[in-house]
Amino acid sequence: MAKKVTVADVDQAEAALAEAKKGKDASRRQQAMEELAQVRSAWRRQEEEAGRRVGLVTIDSED
Amino acid sequence: MAWSASGFFRQTMADNLNNIIVLNLDLETHKVALFGNSVTPDYDAAASAAKYGTGGTWTTANEVTGTGYTAGGALLTSTTVTTPSAGIVMWDAADTAWSSATISGIYGCLIYADAMTTPVADQGILAVYFGGTSYAVTAGTFTIQWSANGIYRNTP
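Quantities reported herein were computed from a predicted structural model and do not represent experimental measurements.

**Structural notes on the overall build of chain B**
From N to C terminus, chain B includes one helix and 11 strands. In terms of overall dimensions, chain B is globule-like: its C-alpha atoms have a radius of gyration of 15 Å, near the 15 Å expected for 156 residues. The long-range fraction of contacts in chain B, counting pairs at least 24 apart against all pairs at least 6 apart in sequence, stands at 74%. Of the accessible surface of chain B, which amounts to about 6400 Å², a share of 51% is contributed by carbon and sulfur atoms. Placing the 4 positive and 10 negative side-chain charges of chain B at their respective mean positions leaves the two points 4 Å apart.

Given below as structure tokens:
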């Protein structure tokens with residue numbers, strides 16, 4: 001069973017990205033972005049499945 | 001006419017690919033502005049018309065007003081540009097919220113490059129149609145909950 005993602009996990013990843021964006025290390029910045037995107041998407045999916053999120057706003061380039 | 005679809009402004013994309021503009025989507029200076037149902041998005045518009053403010057459809061006259069909302073909108077924060085799976089490039093950000101707000105008649109939003117000044121200031125990037133519902137909030141928080149799949153994704 002997948003580990004439950006919490007708001008604190010998202011907050012932590014956002015803080016890590018904010019720190020990474022202050023620096024000039026492009027790979028660290030990209031890694032922080034990938035980690036945040038992963039945890040944020042997992043949290044949003046979890047919330048959507050639980051019926052706690054009603055928004056679903058995405059533009060796909062195929063549209 | 002009114003809203004009927006979301007979209008990416010094609011001239012913005014073309015200008016970026018042609019190096020006429022530098023559109024860095026991981027900046028945290030882009031803004032989200034809320035609009036009513038008077039706008040008729042034209043995703044094929046010239047760059048000068050696909051912008052926030054005078055010159056196109058995205059004018060303050062068409063923007064929502066209300067307590068807790070400042071014209072021009074809110075910053076898009078914690079922005080990420082990532083490659084979550086094969087062939088996918090995803091642009092995402094933290095959910096965008098207006099607290100202690102009383103706003104009505106919200107039909108969609110414009111995301112624009114607030115820090116861009118040339119060749120067109122406040123160049124529109126994309127607009128999101130909220131599906132035809134007139135959203136409102138009274139003395140509460142209005143939140144745009146971006147999708148788990150991000151704000152925008154480029155797929156093969």
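Next comes the rest of the account.
**Digging into helix α2 (residues 26–49) of chain A**
The end-to-end C-alpha distance of α2(A) is 34 Å, a good match for the 34 Å that 24 residues give at a rise of 1.5 Å each. Residues of α2(A) that are buried: Arg29(A), Ala32(A), Met33(A), Leu36(A), Ala37(A), Val39(A), Arg40(A), Ser41(A), Trp43(A), Arg44(A), Gln46(A) and Glu47(A). In this fold, the buried residues of α2(A) make contact with α1 (7–22) of chain A together with β5 (80–82) and β6 (89–92) of chain B. With its phi angle positive at about 75°, Gly51(A) sits one or two positions after the end of α2(A).

**Things to note about the sheet that holds strand β3 (residues 66–67) of chain B**
Pairing between the strands of a sheet comes from backbone hydrogen bonds, and it takes one of two forms, parallel or antiparallel. All names here are of chain B. Strand order in the open sheet formed by three strands is β3-β7-β10, and the pairing between neighbours is antiparallel. Edge strands, defined here as strands with exactly one partner in the open sheet, are β3 and β10 (135–144). Across six bridges, strand β7 (residues 96–106) lies against β10 in antiparallel orientation. Within β10, the residue paired with Thr-96 across the bridge is Ile-144.

**Regarding the packing of aromatic side chains**
Residue and element names in this part refer to chain B. Within this structure, the stated rule accounts for 11 aromatic pairs over all chains. Residues Trp-3 and Trp-58 carry aromatic rings whose centres are separated by 5.5 Å and whose planes lie at 65° to one another, so their mutual orientation is edge-to-face. Here Trp-3 is found in the segment before β1 (7–8), whereas its partner Trp-58 is found in the loop between β2 (31–35) and β3, with 55 residues between them in sequence. Assessed through its relative accessible area of 6%, Trp-3 is described here as buried. Its relative accessible area of 1% is what places Trp-58 among the buried residues.

**Some remarks on the environment of Ala113(B)**
Residue and element names in this part refer to chain B. Looking at the element boundaries, Ala-113 is found in strand β8 (residues 108–113). Spatially, the C-alpha atoms of Ala-113 and Ala-136 are 25 Å apart, while their sequence positions differ by 23 residues. Not counting chain neighbours up to four residues away, the residues in contact with Ala-113 comprise Leu-23, His-30, Asp-122, Gln-123 and Ile-125.

**Re the pairing of β7(B)**
Sheet topology places β3(B) next to β7(B); two bridges connect them, and they run antiparallel. Directly across from Gly66(B), in β7(B), lies its bridge partner Ile103(B).

**Digging into unusual backbone geometry**
Residues and elements named next belong to chain B. With an omega of 0°, the peptide bond running from Thr-118 to Pro-119 counts as cis. In the Ramachandran plot, Ser-78 falls in the positive-phi region, its phi being about 50° despite a non-glycine side chain. Looking at the secondary structure, you find Ser-78 in the loop between β4 (74–75) and β5. Residues other than glycine seldom take positive phi values, yet Ser-100 does so here, at roughly 45°. Inspection of the secondary structure puts Ser-100 in strand β7. For Ser-100, a relative accessible area of 56% translates into the label exposed.

Basis of the calculations
- Residues numbered from 1 in each chain as written.
- Chains lettered and ligands numbered in written order.
- Predicted model: local features only at pLDDT ≥ 70, side-chain atom pairs only at ≥ 80, totals over all residues.
- Heavy atoms only, no water.
- Helix = DSSP H or I, 4+ residues; strand = E, 2+ residues; numbered from the N terminus.
- Rg over C-alpha atoms; globule rule 2.2 N^0.38 Å.
- Contact = heavy atoms within 4.5 Å.
- Areas by Shrake-Rupley, 256 points an atom, 1.4 Å probe, with all protein chains shown as cover.
- Lys, Arg positive; Asp, Glu negative; His and termini not counted.
- Charge placed at Lys NZ, Arg CZ, Asp CG, Glu CD.
- Expected span 1.5 Å × (residues − 1).
- Buried < 20%, exposed > 50% of the residue type's maximum accessible area, 1.4 Å probe, protein only.
- Pairing = 2+ DSSP bridges.
- Phe/Tyr/Trp six-rings, centres within 6.5 Å; stacked < 30°, edge-to-face > 60°.

Function cannot be read off these values alone, since they describe shape.
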